[in-house]
Amino acid sequence: MSIDPRYPQPQAPAPGARSTRNRAIAIGLSAAVVAGLVAFGSFLLLENSAADEKSDNASAAQDGKHPDGHDGSHGDAKGGAIEGLKSWDAAKLGRQHVAGTVDYPMKPPVGGDHNASWMNCDGDVYEKALPDVNAVHSLEHGAVWVTYNGSAAETDVATLAERVERTPFTLMSPYAGQEGAIMLSAWGKQVTVDSADDPRVEQFLGQFVQGAQTPEPGAPCTGGLATVPQ
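Residues numbered from 1 in each chain as written. Predicted model: local features only at pLDDT ≥ 70, side-chain atom pairs only at ≥ 80, totals over all residues. Heavy atoms only, no water.

Undergrad: Hey, could you run me through the pairing of strand 4 (residues 144–148) in this one?
TA: Strand residues, when the strand is regular, have side chains that alternate between the two faces of the sheet. Within strand 4, 5 of the 5 residues are buried, which leaves it mostly tucked inside the rest of the structure. Burial of strand 4 is two-sided: the residues Val144, Val146 and Tyr148 facing one way and the residues Trp145 and Thr147 facing the other way are all buried. Of the strand pairs in this sheet, strand 4 and strand 5 (residues 170–174) are connected by 5 bridges, and their pairing is parallel. If you follow Val146 over to strand 5, its bridge partner there is Met172. Here strand 4 pairs with strand 6 (residues 182–186) via 4 bridges, running antiparallel. Among the inter-strand pairings, Trp145 is bridged to a residue of strand 6, identified as Ser185. (Buried < 20%, exposed > 50% of the residue type's maximum accessible area, 1.4 Å probe, protein only. Helix = DSSP H or I, 4+ residues; strand = E, 2+ residues; numbered from the N terminus. Pairing = 2+ DSSP bridges.)

This is the structure we're talking about:
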């Protein structure tokens, strides 16, 4: 076939031009892939954040506060909800050191202004009633206070004493003015149980011995008062 010299013929692209074009295409594709991965990662991050927020809100709703101490079922991962648990708004419980007595709105008290000296609560069992103002200071350190009145069975009292003696950050004493035969109190938390083998005893200890409610985490349960003040 003859070629007419009057008309220019199409030229094959130079190797260098083809390489440049391929490189541009590769860069463009890579940029698109990276952008897609960034967008997908941002989507996952937002989804996870939303899920976490929903979970936190659900937990907060489950452990809602009852400032007036009304009954409610509350709990966390340690042992589940505690039937009959009463809660008070920790923000409304005073924490000032005072001299003399304090008129607490609940018996036994679960928080409030208190004496500068705490009762030792390293598994201490007291045979006499404790001053509220000293026991409340122990609660501020993360202790659980086990109390009982004259209606509690002697066998229950003995069983609870053994349990307390082997549990740091607990203390136990008689409390004549309380309604229930056996009660457990922590800062802002309280439950009345039926007996020493009531499963709520272990639930309460598991959740509130140095639990999240503790106003002064890390404060000691030793170095306070070892005997009941006269």
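Still more to cover.
Undergrad: So what exactly am I meant to see when it comes to the pairing of strand 5 here?
TA: Taking burial as the measure, the 5 residues of strand 5 include 5 buried ones, the bulk of the element. Because side chains alternate across strand 5, one face comprises the buried residues Thr170, Met172 and Pro174, and the other comprises Leu171 and Ser173, equally buried. In terms of strand pairing, strand 3 (residues 122–125) meets strand 5 through 3 bridges, oriented parallel. Across the sheet, Asp124 pairs through a bridge with Leu171, a residue of strand 5. The parallel pair strand 4 and strand 5 is bridged by helix 3 (residues 154–165), and the resulting crossover is right-handed. (Right-handed = clockwise from strand over helix to strand, strands pointing away.)

Undergrad: Looking at this model, I keep getting lost on the nonpolar core. Mind explaining?
TA: Among soluble globular proteins, nonpolar side chains are generally buried collectively. Ranked by internal contacts, the top residues of the largest apolar core, which has 43 residues, are Leu130, Val144, Leu171, Met172, Leu184 and Phe204. Among all residues touching Val144, those that are not within four sequence positions of it are Leu139, Phe169, Thr170, Leu171, Leu184, Ser185, Ala186, Phe204, Leu205, Phe208 and Val209. (Core = buried A, V, L, I, M, F, W, Y, C linked by side-chain atoms within 4.5 Å. Contact = heavy atoms within 4.5 Å.)

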